[in-house]
Amino acid sequence: MAGQSLIYSNARVKAMENSLLTSEKITRMAYSDSLLDAIKILYESNYGGGATIDNPYTYGEILRAEEKRVVDFVREAMPDKSGLQTLLTPNDYHNAKSYLKNKFAKDLDLNLMLLPAGNIELSVLEEGIVKEEYAKLPADMVVAIKEIEDIAHEDKLPPRFIDITLDKAMYKDILSACKKANVKSITKYWKANIDFINVSTMLRCKRINADIAFLKENLIEGGEINDYILEGLYKESYDIITEKLKYCSIGDIISVGVNETKAEKALVEYEVLWDNYLLNIFKEDRADVFSVAPIAGFYTAKKIEIKMVRMILTCLKNRADLKDIKARLRGFYA
């Protein structure tokens, strides 16, 4: 990381905002007659730094190139110990999962699994996990990796144990960094994200009538909504869940998720509102050059944009109905 000043970094990010796709371009993509026509719009926008593909079905290559470009920019531009490093922490833990899964499973394409390096170089992660030399890895990650290694060596590694264990460690790592940085918007972002994840976990568990022990195993600590509240509400009716949680900061969005679950629908609108809520945390202060909001907002917007582009291209590839695409479109940062 370059350790640049916020003013200089925010001046750079204002220029980078021009790379965000406009609502007009996203709409054109959604209404494209074919997958290739939609990809041509990405070519027009210099997506992935001008990356091109021979086969339209390999559009993931363009999206990976664009994600690497924005991650590299944030790594270079963000000031040290600003709290912004937490935005790249998910890449570190995702890549740790990938190396561990590759270590204990067969026939996995590691290149397709890995994300661009976040705060930790891929070579450092690979060496630490393969050689079990953890000195250069974060303490919370090391604790999780050792727990996974112990279970794996006993041949008792459940399918989702790697994901669950590293996800919990990741949020513990992130919240610790947030506390040190003491940036309210970054902390609010991560605590809200934990709440959204935990509520969706609870609703999905209710839908399949899972045992409460399964719910407890999957809840993440550190959100504004305490774990014991969700555990206590688990066996209650949907109406009571809505009533009890309506006064929390995401109460209105929880109500949407509850209604979708009651109707036995996928959590489509809930997840759209989730992304929009997170984006709006930084959107209000995007002009404040003395805060981290412009960089955090741009990065969050770009991550949501890439998710939206991937969704549109996947729907076009599978010839999904246009209404299914429109229902999943997110808000815009610009």
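Whatever comes next refers back to the structure up there.
All of these numbers come straight from a predicted model, not from anything done at the bench.

What counts as what
Residues numbered from 1 in each chain as written. Predicted model: local features only at pLDDT ≥ 70, side-chain atom pairs only at ≥ 80, totals over all residues. Heavy atoms only, no water. Helix = DSSP H or I, 4+ residues; strand = E, 2+ residues; numbered from the N terminus. Rg over C-alpha atoms; globule rule 2.2 N^0.38 Å. Contact = heavy atoms within 4.5 Å. Areas by Shrake-Rupley, 256 points an atom, 1.4 Å probe, with all protein chains shown as cover. Expected span 1.5 Å × (residues − 1). Buried < 20%, exposed > 50% of the residue type's maximum accessible area, 1.4 Å probe, protein only. Axes fitted to C-alpha atoms, helices over the stretch in contact; angles between N-to-C directions. Parallel < 35°, antiparallel > 145°, perpendicular 65-115°, else oblique. Nonpolar A, V, L, I, M, F, W, Y, C, P; charged D, E, K, R; others polar. Core = buried A, V, L, I, M, F, W, Y, C linked by side-chain atoms within 4.5 Å. Patch = residues over 30% accessible without salt bridge, like charges linked within 9 Å, V, L, I, M, F, W, Y side chains within 5 Å. Salt bridge = Lys/Arg side-chain N within 4 Å of Asp/Glu carboxyl O. Phe/Tyr/Trp six-rings, centres within 6.5 Å; stacked < 30°, edge-to-face > 60°. Lys NZ or Arg CZ within 6 Å of the ring centre and 35° of its normal.

With respect to the overall build of the chain
Broken down by element type, the chain carries 17 helices and zero strands. For the chain, whose C-alpha radius of gyration is 20 Å, the value lies close to the compact-globule estimate of 20 Å for 334 residues. By principal-axis analysis of the C-alpha atoms, the chain measures approximately 50 × 50 × 45 Å. Within the chain, contacts between residues at least 6 apart in sequence are counted, and of these 64% link residues at least 24 apart. Looking at the chain as shown, the accessible area adds up to about 16,700 Å², and 51% of this sits on carbon and sulfur atoms.

Quick look at helix α10 (residues 184-207)
If you check α10, its first and last C-alpha atoms are 34 Å apart, about what 24 residues at 1.5 Å a residue would give, namely 34 Å. Within α10, 19 of the 24 residues are buried, leaving the element largely enclosed by the surrounding structure.

A few points about the packing of helix α3 (residues 35-44) against helix α16 (residues 293-317)
Their axes nearest at 9 Å, the elements α3 and α16 cross at an angle of 160°. One finds that α3 runs roughly antiparallel with respect to α16. On α16, the residues that touch Leu35, Ala38, Ile39 and Leu42 of α3 are Val309, Leu313, Leu316 and Lys317. Looking at side-chain class alone, the contact of α3 with α16 contains seven nonpolar, no polar and one charged residues.

Things to note about the nonpolar core
Met141, Leu166, Ile186, Trp190 and Phe196 are the most contacted members of the largest nonpolar core, which has 78 residues in total. Of all hydrophobic cores here, the second largest spans 23 residues; its members include Ala38, Ile39, Val309 and Ile312.

Structural notes on a nonpolar patch on the surface
A cluster of nonpolar side chains, Ile7, Val289 and Phe290, forms an exposed patch at the surface whose accessible area comes to about 300 Å². Tracing the chain through its elements places valine 289 in the loop between α15 (268-283) and α16.

Some thoughts on the environment of leucine 108
The residue leucine 108 is located in the loop between α5 (89-104) and α6 (110-113) in this model. Residue classification places leucine 108 among the partly exposed residues on the basis of a relative accessible area of 35%. Between the C-alpha atoms of leucine 108 and alanine 296, which are 188 residues apart in sequence, the distance is 33 Å. Dropping the residues within four chain positions of it, leucine 108 is found in contact with Lys101, Asn102 and Met113.

Overview of the pattern of salt bridges
In total, this model carries 21 salt bridges according to the counting rule given. The residue glutamate 67 makes a salt bridge to lysine 303 at a minimum N-O spacing of 2.8 Å. In this pair, glutamate 67 is assigned in helix α4 (residues 60-77) and lysine 303 in helix α16, connecting sequence segments 236 residues apart. For glutamate 67, a relative accessible area of 7% gives the class buried. For lysine 303, a relative accessible area of 30% gives the class partly exposed. The partner of lysine 103 in a salt bridge is glutamate 132, with the nearest N and O atoms 3.1 Å apart. Taken together, the residues lysine 103 in helix α5 and glutamate 132 in the loop between α7 (122-131) and α8 (139-153) connect sequence positions 29 residues apart. Residue class for glutamate 132 comes out partly exposed when judged on its relative accessible area of 35%. Among the ionic contacts, a cluster of salt bridges with common partners joins Glu66, Arg69, Lys302 and Glu305.

Section: the packing of aromatic side chains
Evaluated as defined, the whole model comprises eight aromatic pairs. Plain terms: the ring middles of phenylalanine 196 and tryptophan 274 are 5.3 Å apart, the flat faces sit at 15° to each other, and that makes the pair stacked. Here phenylalanine 196, found in helix α10, pairs with tryptophan 274, found in helix α15; they are 78 residues apart in sequence, far enough to count as distant. Like tryptophan 274, phenylalanine 196 is buried. Chaining the aromatic ring pairs together yields one cluster made of Tyr171, Tyr189, Trp190 and Phe282. The ring centre of tyrosine 234 lies 5.7 Å from the NZ or CZ of lysine 206, which sits over that ring. Over the face of the ring belonging to tyrosine 238 we find lysine 206, whose NZ or CZ atom lies 5.1 Å from the ring centre.

In short, geometric facts, not functional conclusions.
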